[in-house]
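Survey of secondary and tertiary structure
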Amino acid sequence: MTTFTDIGPPLPALLRRLAETPADFLGEPRIGGLGDVVVPALLGDVLEELGLDPAPELLRVFAPDRARREDRNWFQLAMIAAWLLADEWLAERHPAAGPLADLLTRGLRELAGQVRADLTVSDPDRREELARTFLARLGYRPEGESAAAAADRLTMISAAERRRLIEASRAAEQRAREVREALARKAAAESADKWTRE
Amino acid sequence: MTGEPTDEERYPTLSEAGRQLLRHMREHPHAPIFRNASGNRLTAGDLAEVLAHERSLGPPPAGGAPPAWLRDHVADVYARVPYYRALGAPPARLADVPAVSRAELAADIARFVPDDLPLERMINFQTTGTTGHRMLVPSHPQVAARYLAFHKRALARFGIAPTYGAGRVGVMLIGHQQPCFTYVSVTPAMDESGLAKINLHPGDWRDPADRARYIDALEPEFIAGDPLSFAELLTLDLDWRPRALLSVAMMLSDGLRAALEERFGCPVLDLYSMNEVGPIGVFDPALGGHVLLQDRLFVEVGDEAGRALADGEEGEIIVSGGFNFCLPLLRYRTGDRGRLSSVGGERLILDLEGRAPVRFRDGRGEWRNNIEVSHALKHLPLAQFSLLQRADGSFELGLAERSLGEAGRAVAALHGLLGPVLISVVPQSNGKHLQYRSELGSEMSEIGP
């Protein structure tokens, strides 16, 4: 659930923090033996710093028994969100456990479906999308914005990206069809000379 | 180019001399029944690019460190290939790229083809492999033609450079199976030397004796085939001596290699090659392993989770890169197994074995693996064999019909390895077989080259 009840930090400060995400938060999350950043440990440390006692089941979400390579982008977003969470402004306010869990699981998982994690650091629009999603899921709106304006801006920036994604996904489907058709042509099946045939 | 291809499409640059050679190969009085048509499909522009690619080849890898080109390759594949784009940002290290299996490719190969690849001239090589996942490997006439550069590199290790040009037959590809795709063509990069792909199965000939007559008449510089077709070649009354034999597709036993070398008085190259990436390595008897051939193919050996293993450790062969620009691979699990080593500035695959390991329980209750079985039988000139352990612990040794004469020695060799077990011998039909299988409860796993 997204609300904009409380006044949060100024957006530029959060965007600047995102742009300056240290390499430690941009590493490769450990999934199925690959990657070296243990996301539950990273999140656990940050949440404890915030004075929160993270629920083990929340952390376990980021160490699944069965590796799913499509989780990688979500886990990377969670790592970047951990860097935002470690911000001084937030640390002083002790965010509630419920919204925090919602952000890390549902919120970032949804975002992972439409935004590549590294772009939330390097691309201005995607940076803003993460910053606004982050604040909204925790119940904040950027300082100096009304709740309505914050909601509108987040909808606008997300919708534009979703539209782009839908178009890209349609194009990808079309392309895959064309590749399959090209492979199935008689001329393709007749193939071409090789000096050896495996 | 949606219907039946024309000869202009099959041989875009064909000269009059090339046309005459095609006619000679096709209409020779002892020629087989050619059942199909294909060609090199190379335009003049393609040929120039194929030759430029050959000139640009760097040396094969000498050590195991990831080469410099790999980083850009990873970024490029994550940007242009739909399957990888869906995984997010490119990892900084190759080790963090998840390994993909043949099953994943076979599930939807289209997702592994780069977005910007023109499709008009795409061709395919069909492969069923031995894992049962039928797959159409996307390719291009230039990619098929690039094989020759690596064959030359492999031949050079044996002091041989192809020389046959116009009017002569450069290579004869032999099969021994029904059905078999057969046709004639010319190789533009070799001044239109001839290429004949024939089937040694008697059903493809007016007179079975024509097989030897045709090969003798065409005098191919090289003969390419697999252990099954080479075993058949040994039975023919041939006078012609090619300069080398190129064996691919299946494990070549030391015994069959020795028999072929003695019979034809030429080197027999055991090439490790896959439709997905082309020639990977050639066996060097002096080094005891397959020497890597490609400069832009990174070869790793990985564990069950796809994690890279150190040199000397046995595991699955995983490849990245390659010259097939229609299918740029990243950490592709080949299903074959071996160990990596560097010897004298060369990179080698030792103990190359086709597909996943299978364990067999011997007569003393100890576990033996398929590599040990291969070693036990390798001195025999077997064209092809399979070994199945039944649920009751007994064994069934499948032998190609021509190898049944070796049954006694093969069973003795297996008893030497497995001890007191029941072994029955069954004749195999032609074609590919799962080489190793076990039906012992949860140990059941299979697959063979």
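What comes next is a walk through the structure. Treat the numbers as computed from the prediction; the structure is a model and nothing was measured.

Remarks on the overall build of chain A
Of the regular secondary structure elements, chain A holds ten helices and two strands. Taken from the N to the C terminus, the helices and strands of chain A come in the order β-α-α-α-α-α-α-α-α-β-α-α. A compact globule built from 198 residues would reach a C-alpha radius of gyration of about 16 Å, whereas chain A, at 21 Å, exceeds it by more than 25%. In terms of its C-alpha atoms, chain A occupies a principal-axis envelope of roughly 70 × 40 × 25 Å. Considering only contacts within chain A whose residues lie at least 6 apart along the sequence, 75% involve residues at least 24 apart. Summing over all exposed atoms, chain A offers an accessible surface of approximately 9500 Å²; the carbon and sulfur share of this is 52%. Averaging the locations of the 29 positively and 34 negatively charged side chains of chain A gives two centres separated by 8 Å.

Notes on the pairing of strand β6 (residues 222-225) of chain B
Residues and elements named next belong to chain B. Going residue by residue along β6, you find F222 and A224 tucked away on one face and I223 and G225 tucked away on the opposite face as well. Across three bridges, strand β3 (residues 169-175) lies against β6 in parallel orientation. Each bridged residue has a counterpart across the sheet, and for L173 the counterpart in β6 is A224. Bridge count between β6 and strand β7 (residues 244-247): four bridges; the pairing is parallel. Looking across to β7, one finds that F222 is bridged to A244. What joins β6 to β7 is helix α9 (residues 227-233), and the crossover it makes is right-handed.

Digging into unusual backbone geometry
Residue and element names in this part refer to chain B. For E192, which is not glycine, the phi torsion reads 60 degrees and is therefore positive. Secondary-structure assignment places E192 in the loop between β4 (183-187) and β5 (193-199). For E192, a relative accessible area of 10% puts it in the buried group. Backbone geometry places R331, a non-glycine residue, at a positive phi of 50 degrees.

Concerning the pattern of salt bridges
Applying the stated criterion to the full structure yields 50 salt bridges over all chains. Close ionic contact of D102(A) with R106(A) constitutes a salt bridge, the shortest N to O distance being 3.0 Å. On the criterion of helical spacing, the pair formed by D102(A) and R106(A) is a turn pair, its members being four residues apart in helix α6 (residues 97-112). Residues joined in a network through salt bridges with shared partners are K186(A), E190(A), E4(B), D7(B), R10(B) and R41(B).

Examining the interface of chain B and chain A
Accessible area lost during the coming together of the parts is what is often quoted as the interface size. Across the boundary between the two partners, chain B contributes 72 residues, which contact 31 residues of chain A. Surface buried jointly by chain B and chain A totals about 4400 Å² across both partners, of which 56% is contributed by carbon and sulfur atoms. Linking chain B with chain A are six salt bridges. Salt-bridge contacts for R180(A) lead to D108(B); the nearest nitrogen and oxygen are separated by 3.0 Å. Mapped onto the side of chain B that touches chain A, the elements with two or more residues apiece are β1 (123-127), β2 (135-139), α7 (141-156), β3, β4, β5, β6 and β8 (268-274) of chain B. With six residues, α7(B) is the single largest residue contributor to the side of chain B that touches chain A. Considering only residue class, the side of chain B that touches chain A consists of 44 nonpolar, 15 polar and 13 charged.

Regarding the packing of aromatic side chains
When we look at a pair of aromatic rings, we describe it by the centre distance and by the angle of the planes. Residues and elements named next belong to chain B. Taken as a whole, this structure holds 18 aromatic pairs over all chains when the rule is applied. Ring centres of F360 and F395 lie 5.8 Å apart, and the angle between their planes is 55 degrees; this geometry places the pair in the tilted category. Taken as a pair, F360 in strand β15 (residues 359-361) and F395 in strand β18 (residues 395-400) lie far apart in primary sequence, 35 residues in all. F395 sits in the buried class, given a relative accessible area of 2%.

Some points on the sheet that holds strand β9 (residues 278-284) of chain B
Residue and element names in this part refer to chain B. Strands sit in the order β4-β5-β3-β6-β7-β8-β9-β10-β14-β13-β12-β11 across an open sheet of twelve strands; the sheet is mixed. Across the chains shown, the open sheet's two edge strands, defined by having one partner strand only, are β4 and β11 (297-302). Adjacent strand axes in the sheet meet at a mean angle of 35 degrees, parallel and antiparallel pairs treated alike. The sheet contact formed by β8 and β9 spans four bridges and is antiparallel. Its bridge partner being in β9, Y272 is matched across the sheet by G281. Here helix α4 (residues 69-80) sits on the sheet and contacts β11, β12 (315-321) and β13 (329-343); the angle it forms with β13, its principal contact strand, is near 170 degrees. Packing of helix α10 (residues 254-264) onto the sheet brings it into contact with β7, β8 and β9, and relative to β8 it is tilted by some 130 degrees.

What about the packing of helix α4 (residues 72-85) of chain A against α6(A)?
Residues and elements named next belong to chain A. Interaxial distance between α4 and α6 falls to 9 Å at its minimum, and their mutual angle equals 135 degrees. Regarding the angle of α4 to α6, the classification is oblique. Our pair here, α4 against α6, has a crossing hand that is right-handed. Along its contact with α4, which presents N73, W74, L77, A78, A81 and L85, the element α6 presents L100, L104, T105, L108, R109, L111 and A112. When the residues that make up the contact of α4 with α6 are grouped by side-chain class, the tally is ten nonpolar, two polar and one charged.

Comments concerning the side chain of S229(B)
Mapped onto the elements of the fold, S229(B) is located in helix α9. If near-sequence neighbours (up to four positions away) are discounted, S229(B) is found in contact with I174(B), G175(B), H176(B) and L200(B).

What about the nonpolar core?
Judged by nonpolar contacts, the single largest core of 46 residues is most densely connected at Y84(B), L105(B), I280(B), V299(B) and I349(B). For this core, the element with the most residues is α4(B), which contributes five residues. Excluding residues that lie within four positions of it along the chain, V299(B) makes contacts with I280(B), L292(B), I317(B), I318(B), V319(B), L340(B) and I349(B). Core analysis: the second largest hydrophobic core is formed by 45 residues, L18(A), I31(A), A117(A) and L135(A) among them.

A word on helix α3 (residues 44-56) of chain B
Residue and element names in this part refer to chain B. Taking 1.5 Å per residue, 13 residues should reach 18 Å; α3 reaches 18 Å between its end C-alpha atoms and fits that length. What α3 keeps buried is the set D46, L47, V50 and H53. Down the axis of α3, the buried set is contained in an arc of 125 degrees. They therefore lie on one face. Turned more than 90 degrees away from the buried face of α3 sit A44, R55 and S56, all of them exposed. Summarising the contacts, the buried residues of α3 are in contact with α7.

Rules of the game
- Residues numbered from 1 in each chain as written.
- Chains lettered and ligands numbered in written order.
- Predicted model: local features only at pLDDT ≥ 70, side-chain atom pairs only at ≥ 80, totals over all residues.
- Heavy atoms only, no water.
- Helix = DSSP H or I, 4+ residues; strand = E, 2+ residues; numbered from the N terminus.
- Rg over C-alpha atoms; globule rule 2.2 N^0.38 Å.
- Contact = heavy atoms within 4.5 Å.
- Areas by Shrake-Rupley, 256 points an atom, 1.4 Å probe, with all protein chains shown as cover.
- Lys, Arg positive; Asp, Glu negative; His and termini not counted.
- Charge placed at Lys NZ, Arg CZ, Asp CG, Glu CD.
- Buried < 20%, exposed > 50% of the residue type's maximum accessible area, 1.4 Å probe, protein only.
- Pairing = 2+ DSSP bridges.
- Right-handed = clockwise from strand over helix to strand, strands pointing away.
- Salt bridge = Lys/Arg side-chain N within 4 Å of Asp/Glu carboxyl O.
- Buried area = accessible area lost by both parts, 1.4 Å probe.
- Nonpolar A, V, L, I, M, F, W, Y, C, P; charged D, E, K, R; others polar.
- Phe/Tyr/Trp six-rings, centres within 6.5 Å; stacked < 30°, edge-to-face > 60°.
- Axes fitted to C-alpha atoms, helices over the stretch in contact; angles between N-to-C directions.
- Parallel < 35°, antiparallel > 145°, perpendicular 65-115°, else oblique.
- Left-handed = near helix turned anticlockwise from the far one by under 90°.
- Core = buried A, V, L, I, M, F, W, Y, C linked by side-chain atoms within 4.5 Å.
- Expected span 1.5 Å × (residues − 1).
- Arc of directions from axis to C-beta.

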